[in-house]
Amino acid sequence: MGFFKKIKEGLKKTRDAVVGQIDSMLKSFTKIDDELFEELEELLVMGDVGVPTAEKICKELRERVKKEGIKDPSEITSLLKEIIADMLRGGEELDLATSPSIILVIGVNGVGKTTTIGKLANVLSKEGKKVILGAADTFRAAAGEQLTQWANRAGVEIIGGQDGADPASVVYDAVAAAKARNADVLICDTAGRLHNKKNLMEELRKIYRILEREYPEAYLETLVVLDGTTGQNALSQARQFAEVANVTGIILTKLDGTAKGGIAVAIQSELDIPVKYIGVGESIDDLQKFDADAFVNALFDVEERS
């Protein structure tokens, strides 16, 4: 299945629930007025774009409509697409300039973090990169075993520690192995505990100290995995993680199972953290690089121009 078609199918629930309603609403208006903008804002909020972002979109839309002298409600959709795509664009690419580069992956239990790491390893491996995984989520029972299964499926090496081992010591061993084996990318799993931010903060600080001491020149990405089905709760988690870590990007999973795909727009707009990958299915190949234009085109069900 092609890239665009996969995203299009993955966003079907969001498209049907949110964009479908917006389309119907616009068709019910014969002129552009305050009532149209109020209804549009309400529908955007219902689609988990969130109040601040919905207000921002509608404010810009009003300005564009006035500036361009648009009178026909049917022309609103193309403007809406442009505004949302502009909000989502920028920072999507991973920065992997050093060999090895390091990716720390964080996220609460249940969001699909370990699975996502396996899929990310598969993506990068298929791009020709030598990938090593570090199993530093030593607190969750069987996390290392689960990650090992994904490492085998992706055809990459894994460095692990015993359950309950110090995560920072696992990262230390993983960095040493990645250097010795000339890896291109080291992806480290970490424990996903947000209920006690103090412990999480201390744990991450120890890991960052190890990285700074052992490999200060490394390019480091810290990615938060969020479950798209949780909508505004995902935004809240991203905000909390950004308070304790230097978050450089988001991986948004389970978008195929939710009508809350608008959360991608809210995260980028409110937190200024780029979405770098999206999950639109359960197979190992269903983690896709985020592309703002493809995402918006799929959301609005418009085929990309070749």
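Residues numbered from 1 in each chain as written. Predicted model: local features only at pLDDT ≥ 70, side-chain atom pairs only at ≥ 80, totals over all residues. Heavy atoms only, no water.

## Section: the pairing of strand E1 (residues 101-106)
1) Next: Here E1 lies mainly inside the structure; 6 of its 6 residues are buried.
2) Next: Relative to strand E4 (residues 185-190), E1 is paired through 5 bridges, and the arrangement is parallel. Opposite Ser101, over in E4, you have Val185 as the bridge partner.
3) Next: For E1 and strand E5 (residues 220-227), the ladder comprises 5 bridges, and the chain directions are parallel. Paired with Ile102 across the strands is Leu220, a residue of E5. (Buried < 20%, exposed > 50% of the residue type's maximum accessible area, 1.4 Å probe, protein only. Helix = DSSP H or I, 4+ residues; strand = E, 2+ residues; numbered from the N terminus. Pairing = 2+ DSSP bridges.)

## Topic: unusual backbone geometry
1) Next: Following Ser99, the chain continues to Pro100 via a peptide bond in cis, the omega torsion being 0°.
2) Next: Considering the arrangement of structural elements, one finds Pro100 in the loop between helix H5 (76-88) and E1.
3) Next: One non-glycine residue, Asp48, lies in positive phi territory at about 65°.
4) Next: Residue placement: Asp48 occurs in the loop between helix H3 (34-46) and helix H4 (51-68).
5) Next: The phi angle at Asn182 is positive, at roughly 55°, despite the residue not being glycine.
6) Next: Relative to the elements of secondary structure, Asn182 occurs in the loop between helix H8 (167-180) and E4.

## Some thoughts on the pattern of salt bridges
1) Next: All chains considered together, the criterion is met by 21 salt bridges.
2) Next: Lys129 is the partner of Glu127 in a salt bridge, and the nearest nitrogen-oxygen pair spans 3.5 Å.
3) Next: For Lys129, a relative accessible area of 26% gives the class partly exposed.
4) Next: Each of the salt bridges in this network shares a partner with another, and the network as a whole consists of Glu93, Glu127, Lys129 and Lys289. (Salt bridge = Lys/Arg side-chain N within 4 Å of Asp/Glu carboxyl O.)

## Things to note about the nonpolar core
1) Next: Grouped together as the largest cluster of nonpolar side chains are 88 residues, with contacts concentrated most on Leu120, Ile187 and Phe295.
2) Next: Ignoring anything within four residues of it in the chain, the contact list for Phe295 reads Ile7, Leu11, Leu88, Leu255, Gly261, Ala264, Ile278 and Phe290.
3) Next: With 20 residues, the next largest nonpolar core counts Ile102, Leu104, Cys188 and Leu211 among its residues. (Core = buried A, V, L, I, M, F, W, Y, C linked by side-chain atoms within 4.5 Å. Contact = heavy atoms within 4.5 Å.)

## Description of the side chain of Thr14
1) Next: Examined against the element boundaries, Thr14 turns out to sit in helix H2 (residues 12-27).
2) Next: We classify Thr14 as buried; its relative accessible area is 2%.
3) Next: Each residue touching Thr14, except ones within four places of it in the same chain, is listed here: Val19, Thr258, Ala259, Lys260, Gly261, Gly262 and Leu299.

## Digging into the sheet that holds E1
1) Next: The sheet built from 8 strands is open, its strands ordered E3-E2-E4-E1-E5-E6-E7-E8 with mixed pairing. Strand pairing shows two members of the sheet lacking a second neighbour, strand E3 (157-160) and strand E8 (287-289), which therefore form its edges. If you compare each strand with its neighbour and ignore which way they point, the axes differ by 25° on average.
2) Next: Across the face of the sheet, helix H6 (residues 113-126) comes into contact with E1, strand E2 (131-136), E4, E5, strand E6 (249-253), strand E7 (275-279) and E8 while running at roughly 175° to E4. (Axes fitted to C-alpha atoms, helices over the stretch in contact; angles between N-to-C directions.)

## A few points about H4
1) Next: With 18 residues, H4 extends 26 Å from end C-alpha to end C-alpha; this agrees with the ideal 26 Å at 1.5 Å per step.
2) Next: Taken residue by residue, H4 has Thr53, Ala54, Ile57, Cys58, Leu61, Arg64 and Val65 as its buried positions. Considered in projection along H4, the buried side chains sweep an arc of 130° and stay on one side of the axis. Every exposed residue of H4 that faces more than 90 degrees away from the buried side is listed here: Lys59, Lys66 and Lys67.
3) Next: Tucked inside the fold, the buried residues of H4 contact H3, H5 and helix H11 (263-271). (Expected span 1.5 Å × (residues − 1). Arc of directions from axis to C-beta.)

## A word on helix H7 (residues 143-154)
1) Next: A rise of 1.5 Å per residue sets the reference length of H7, with its 12 residues, at 16 Å; its end C-alpha atoms lie 16 Å apart and thus fit the reference within 8%.
2) Next: Listed in full, the buried residues belonging to H7 are Ala143, Leu147, Trp150, Ala151 and Ala154. An end-on view of H7 places all buried positions within 105° of arc, on one side of the element. Those residues of H7 that are exposed and angled more than 90 degrees off the buried face are Glu145, Asn152 and Arg153.
3) Next: Elements that come into contact with the buried residues of H7 comprise H6, E2, E3 and E4.
4) Next: Two residues or fewer past H7, Gly155 is found with a positive phi of approximately 70°.

## Observations regarding the packing of H6 against H7
1) Next: Following both chains from N to C, one finds H6 and H7 inclined at 25°, their axes separated by 9 Å at the closest point. Comparing the axis directions of H6 and H7 gives the class roughly parallel. Note that H6 runs across H7; the crossing there is right-handed. Each of Thr114, Thr115, Ile117, Gly118, Lys119, Ala121, Asn122 and Ser125 in H6 lies in contact with H7, whose residues at this interface are Ala143, Gln146, Leu147, Trp150 and Ala154. (Parallel < 35°, antiparallel > 145°, perpendicular 65-115°, else oblique. Left-handed = near helix turned anticlockwise from the far one by under 90°.)

## Examining the confidence of the model for the protein chain
1) Next: On average, the protein chain scores 90 in pLDDT, and the residues at 70 or more come to 95%.
2) Next: Ignoring residues within four places in sequence, the model shows residues 302-306, a span with pLDDT below 50, making 9 contacts including any to other chains. (pLDDT = per-residue confidence, 0-100.)

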